[in-house]
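Here are the chains, one letter per residue:
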Amino acid sequence: MVAPVFIGDEVTAAGFRLAGVRIRTPQEEELSRILTWANDNTSLIFITAEYAAKLSQEQQSGLLSQQDPPVVVIPDIRSNTPVQDLATQLRSQLGVLE
């Protein structure tokens, strides 16, 4: 079994490193390359909301809709970038937002 990959800031990465997750803290210009590498080399990807927000809307949609490997967007330790609520986003897109 291949270890999951974490993509995000160094402070948040520290806890994941202790859990045996492979860590990547790329610069913005390296992010696409690291995501391609992670897609080819792991069974699960964790990415902080801050790093996910650096991607284009098209890249975000593709990343979040892929099933293999699944991608989990998590808050960073500083919670500077909110994690988008998937249920609210889907209701809005379907036109059934309460």
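Keep in mind the model is a prediction, meaning the values are calculated, not measured.

The rules behind the values
- Counting restarts for each chain: residues are numbered from 1 in the order of the written sequence.
- Under the rules for a predicted model, residues below a pLDDT of 70 receive no local features and side-chain atom pairs below 80 are neither given nor counted, while totals for whole chains, interfaces and linings still include all residues.
- Neither water nor hydrogens contribute to the side-chain values; these are computed over all heavy atoms in the structure.
- Strands here mean DSSP runs of E at least two residues long; helices mean DSSP runs of H or I at least four residues long; both are numbered from the N terminus.
- Think of it in three bands: residues with accessible area under 20% of the maximum for their type are buried, residues over 50% are exposed, and the middle band is partly exposed, with areas taken using a 1.4 Å probe on protein chains only.
- Should any heavy atoms of two residues lie within 4.5 Å, those residues are counted as being in contact.
- Two strands qualify as a pair provided that DSSP identifies no fewer than 2 bridges between them.
- Helix axes are fitted only over the stretch in contact, all axes being lines through C-alpha atoms; the angle between N-to-C directions runs from 0 to 180 degrees.
- Among the buried residues, those of types Ala, Val, Leu, Ile, Met, Phe, Trp, Tyr and Cys that are joined through side-chain atoms within 4.5 Å form a nonpolar core.
- For every residue, the predictor states its confidence as a pLDDT score lying anywhere from 0 to 100.
- By definition, the arc is the one covered by directions from the helix axis to the C-beta atoms.

Observations concerning the side chain of T48
By the secondary structure assignment, T48 is in strand β3 (residues 45–48). Taking the relative accessible area as the measure of exposure, T48 reaches 0% and is therefore buried. Look past the residues within four positions of T48 in its chain and what remains in contact with it is F6, I7, G8, D9, T12, V73, I74 and D76.

A look at the sheet that holds strand β1 (residues 5–7)
In sheet architecture, strand pairing relies on hydrogen bonds along the backbone and comes in two forms, parallel and antiparallel. Strand order in this open sheet of four strands is β2-β1-β3-β4, and the pairing throughout is parallel. Taken across any chain shown, the strands that pair with only one partner, and hence form the sheet edges, are β2 (22–24) and β4 (71–74). Each strand of the sheet is rotated relative to its neighbour by a mean of 20 degrees, with strand direction disregarded. Here β3 runs beside β4; their pairing, made up of four bridges, is parallel. Following the sheet pairing, I47 is matched in β4 by V73.

Some points on the nonpolar core
I7, L31, L35, I47 and L63 are the most contacted members of the largest nonpolar core, which has 13 residues in total. Of all the secondary structure elements, the ones that give two or more residues to this core are β1, α2 (31–41), β3 and α3 (49–53). The residues touching L35, leaving out its near neighbours within four places in the chain, are I7, I47, L55 and L63. Ranked by size, the runner-up nonpolar core spans seven residues in total, among them F6, A13, F16 and F46.

With respect to the confidence of the model for the protein
Overall, the predicted model of the protein reaches an average pLDDT of 84, with 79% of residues at or above 70. When pLDDT is averaged over each element of the protein, β1 comes out on top at 97 and helix α5 (residues 86–94) at the bottom at 60.

Focus: α2
Looking only at α2, the buried set comprises L31, I34, L35 and A38. Down the axis of α2, the buried side of the element spans an arc of 100 degrees, and every buried residue falls inside it. Those residues of α2 that are exposed and angled more than 90 degrees off the buried face are R33 and D40. Buried-residue contacts for α2 involve β1, β2, β3, α3 and α4 (57–65).

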